[in-house]
Amino acid sequence: AQSVTQPDIHITVSEGASLELRCNYSYGATPYLFWYVQSPGQGLQLLLKYFSGDTLVQGIKGFEAEFKRSQSSFNLRKPSVHWSDAAEYFCAVGVRGGTSYGKLTFGQGTILTVHP
Amino acid sequence: EAGVTQFPSHSVIEKGQTVTLRCDPISGHDNLYWYRRVMGKEIKFLLHFVKESKQDESGMPNNRFLAERTGGTYSTLKVQPAELEDSGVYFCASSLDRALGLFFGSGTQLSVL
């Protein structure tokens, strides 16, 4: 069975600083990989996803993530954080094949606090 | 276009009572998923509908949980009787196809006292 680890439960950065949120996964093959964000009172919003091809994936809101097979990682990055980026971020893994592509395994989430 | 809608947004009930959560997916989305996040834990898959059929219900915790999707439109998730450990946020998501991914609702916060 697949698993996802987000080592950082809570990260605090200053506005304008760069950001990297870590995600490691365990899966027997190349998985589908996702980053979601949840702002207070909102649902989960898809930031970006990796299915295949270029291992550097661009997403919405200026985020990007890089799939590194050798490290089983899919870290999320942003060069300059805005106060509106304060939220909880989730990394998730989806299985390939079959019809349950939406059966995702999530990490525990990383809460991002942004200081002015 | 409306997103995934969940109702109610919050529910507080006593142990032993029954609660029904509702999810209205995006129109035209055949795939509907239920997930749950218990406090301090990961978001976990509960089940998957394709239209009105249960495709995968491997994540349902026990037989106190009953999900339905009559007519292949909205879905309900009933918990009967509710226990303290059922407290958490219940998310619904819908999907049209793999490439577009899942669209999540804002969740129902269930508190069982």
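Residues numbered from 1 in each chain as written. Chains lettered and ligands numbered in written order. Predicted model: local features only at pLDDT ≥ 70, side-chain atom pairs only at ≥ 80, totals over all residues. Heavy atoms only, no water.

Novice: Where do I start with empty space enclosed by the protein in this structure?
Specialist: The gaps of empty space that remain are located by a probe, the size of a water molecule, rolled over the atoms. Summed over all chains, the structure comprises one cavity of 30 Å³ or more. As for the largest cavity, its lining consists of Phe 34, Tyr 36, Phe 51, Tyr 101, Gly 102 and Leu 104 of chain A together with Arg 98, Gly 101 and Leu 102 of chain B. Of the residues contributing to the lining of the largest cavity, the split by class is six nonpolar, two polar and one charged. (1 Å grid on protein atoms, 1.4 Å probe; cavity = no way out; pocket = protein on both sides within 12 Å on 5 of 7 lines; lining within 4 Å. Points joined across faces, edges and corners; volume = space filled by probe spheres on them. Nonpolar A, V, L, I, M, F, W, Y, C, P; charged D, E, K, R; others polar.)

Novice: When you look at the interface of chain B and chain A in this model, what are you seeing that I'm missing?
Specialist: The interface is formed by 24 residues belonging to chain B together with 24 residues belonging to chain A. Summing the contributions of chain B and of chain A, the shared interface buries around 2,000 Å²; its carbon and sulfur component is 51%. Where chain B touches chain A, the interface holds two salt bridges. Applying the counting criterion to the chain B and chain A interface returns eight residue pairs in polar contact (both at pLDDT 80 or more). For the side of chain B that touches chain A, the elements supplying multiple residues, two or more each, are β4 (31-37), β5 (43-50), β6 (53-56) and β9 (88-95) of chain B. Among the elements that take part in the side of chain B that touches chain A, β4 of chain B stands out by supplying four residues, more than any other. Looking at the side of chain B that touches chain A, its residues break down into 10 nonpolar, eight polar and six charged. (Contact = heavy atoms within 4.5 Å. Buried area = accessible area lost by both parts, 1.4 Å probe. Salt bridge = Lys/Arg side-chain N within 4 Å of Asp/Glu carboxyl O. Polar contact = N/O pair within 3.5 Å; in protein donor to acceptor, adjacent residues only side chain to side chain. Helix = DSSP H or I, 4+ residues; strand = E, 2+ residues; numbered from the N terminus.)

Novice: Can you walk me through the packing of aromatic side chains in this structure?
Specialist: The relation between two aromatic rings is expressed through the spacing of the ring centres and the mutual angle of the planes. Residue and element names in this part refer to chain B. Overall, the coordinates contain 15 aromatic pairs over all chains when judged by the stated rule. With a centroid separation of 5.7 Å and 55° between ring planes, the pair formed by Tyr 35 and Phe 104 is classed as tilted. A residue pair is termed long-range when its members are at least 10 positions apart, and Tyr 35 in strand β4 and Phe 104 in strand β10 (residues 103-104) qualify at 69 residues. Given a relative accessible area of 9%, Phe 104 falls into the buried group. (Phe/Tyr/Trp six-rings, centres within 6.5 Å; stacked < 30°, edge-to-face > 60°. Buried < 20%, exposed > 50% of the residue type's maximum accessible area, 1.4 Å probe, protein only.)

Novice: It is not clear to me how the nonpolar core should be interpreted in this structure. Could you clarify?
Specialist: The nonpolar side chains of a soluble globular protein tend to be buried, and buried together. Residues and elements named next belong to chain A. Counting 26 residues, the largest nonpolar core has Leu 19, Trp 35, Leu 47, Leu 48, Phe 74, Leu 76 and Tyr 89 as its most contacted members. At the level of elements, β2 (10-14), β3 (19-21), β5 (32-38), β6 (44-50), β8 (64-68), β9 (73-78), β10 (87-94) and β12 (110-115) are the ones that each hand at least two residues to this core. Per-element tally for this core: the top contributor is β10, with four residues. With sequence-adjacent residues up to four places away left out, Leu 76 is seen in contact with Leu 19, Glu 20, Leu 21, Trp 35, Leu 47, Leu 48, Phe 63, Glu 64, Ala 65 and Tyr 89. (Core = buried A, V, L, I, M, F, W, Y, C linked by side-chain atoms within 4.5 Å.)

Novice: Sorry, what's going on with the state of the cysteines here?
Specialist: Two cysteines form a disulfide when their sulfur atoms are joined by a covalent bond. Residue and element names in this part refer to chain A. Inspection of the entire model under this criterion finds two disulfides over all chains. Between the sulfur atoms of Cys 23 and its disulfide mate Cys 91 the distance is 1.9 Å. Between Cys 23 and Cys 91 the sulfur-sulfur dihedral comes to about -65°; the bridge is accordingly left-handed. Pair noted here: Cys 23 is in the loop between β3 and β4 (24-26) and Cys 91 is in strand β10, with a separation of 68 residues, a long-range link. (Disulfide = S-S within 2.5 Å.)

Novice: Before we go on, may I ask you to explain the pairing of β8 of chain A in this structure?
Specialist: Successive residues of a regular strand alternate their side chains across the two faces of the sheet. Residue and element names in this part refer to chain A. On β8, burial follows the alternation: Ala 65 and Phe 67 on one face are buried, whereas Glu 64, Glu 66 and Lys 68 on the facing-out side are not. One ladder, built from three bridges, connects strand β7 (residues 56-58) with β8; its direction is antiparallel. Looking at β8, one finds that Val 57 is bridged to Ala 65. Linking β7 to β8, which pair antiparallel, is a turn of five residues; within it Lys 61 sits at a positive phi near 60°. When β8 meets β9, the two strands line up antiparallel, connected through five bridges. Residue pairing across strands places Glu 64 opposite Arg 77, the latter belonging to β9. Counted along the chain from β8 to the antiparallel partner β9, the turn is four residues long, and its residue Ser 72 has a positive phi close to 50°. (Pairing = 2+ DSSP bridges.)

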